[in-house]
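Topology and contacts: notes
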Amino acid sequence: VQLQASGGGLVQPGGSLRLSCVASRRPFNINGMGWYRQAPGSQRELVAGITRSGSTNYADSVKGRFTISRDDANNTVYLQMNSLKPEDTAVYFCNAPFIRVGVTGPYWGQGTLVTVSS
């Protein structure tokens, strides 16, 4: 089972990026997926998660700016990030399955670096 994350890069404050995570096996997308991030010197934290039923959870710091969605036909979960701030700079990881906040699944993507800087 593999999770392939992509879409990171360098963006100016106020800009947007869309991260993608493709699951190699369909059940892991259907069972939900979460996006986490880890900044230097900080613990990994949940950014957003989408459950099997389609319920979503967001960190308070990204509510109203980030949107998690999924494309079951393509085994892909997206994280649309708008109005990016320097404090969003981190390595972003996808994780599966996502059941609820506080519980991580055993499968991790390799991480994609997001840098927000002018």
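Data block above holds the structure.
Small disclaimer: the values here were computed from a predicted structure and weren't measured.

Rules used throughout
Residues numbered from 1 in each chain as written. Predicted model: local features only at pLDDT ≥ 70, side-chain atom pairs only at ≥ 80, totals over all residues. Heavy atoms only, no water. Helix = DSSP H or I, 4+ residues; strand = E, 2+ residues; numbered from the N terminus. Contact = heavy atoms within 4.5 Å. Polar contact = N/O pair within 3.5 Å; in protein donor to acceptor, adjacent residues only side chain to side chain. Phe/Tyr/Trp six-rings, centres within 6.5 Å; stacked < 30°, edge-to-face > 60°. Buried < 20%, exposed > 50% of the residue type's maximum accessible area, 1.4 Å probe, protein only. Lys NZ or Arg CZ within 6 Å of the ring centre and 35° of its normal.

Quick look at the environment of Asn95
- Structurally, the position occupied by Asn95 is in strand E9 (residues 90-96).
- Ignoring anything within four residues of it in the chain, the contact list for Asn95 reads Leu3, Met33, Gly34, Tyr36, Thr104, Gly105, Tyr107 and Trp108.
- One polar contact links the side chain of Asn95 to the main-chain amide nitrogen of Gly105, over a distance of 2.8 Å.

Quick word on the packing of aromatic side chains
- In total, this model carries two aromatic pairs according to the counting rule given.
- Ring centres of Tyr36 and Trp108 lie 5.2 Å apart, and the angle between their planes is 65 degrees; this geometry places the pair in the edge-to-face category. Of this pair, Tyr36 sits in strand E4 (residues 33-38) while Trp108 sits in strand E10 (residues 107-108), and the two are 72 residues apart along the sequence.
- Looking at Tyr36, the relative accessible area reads 6%, which means it is buried.
- Look at Phe93 and Trp108: their rings are 6.3 Å apart centre to centre, the planes differ by 90 degrees, and that puts the pair in the edge-to-face class. Here Phe93, found in strand E9, pairs with Trp108, found in strand E10; they are 15 residues apart in sequence, far enough to count as distant.
- Judged by its relative accessible area of 11%, Phe93 is buried.
- Here the aromatic residues Tyr36, Phe93 and Trp108 are joined through ring pairs into a cluster of three or more.
- Positioned over the ring face of Tyr78 is Arg18, at 4.1 Å from the centre of the ring.
- In this arrangement the basic side chain of Arg44 is found over the ring face of Phe93, its NZ or CZ atom lying 3.8 Å from the centre.

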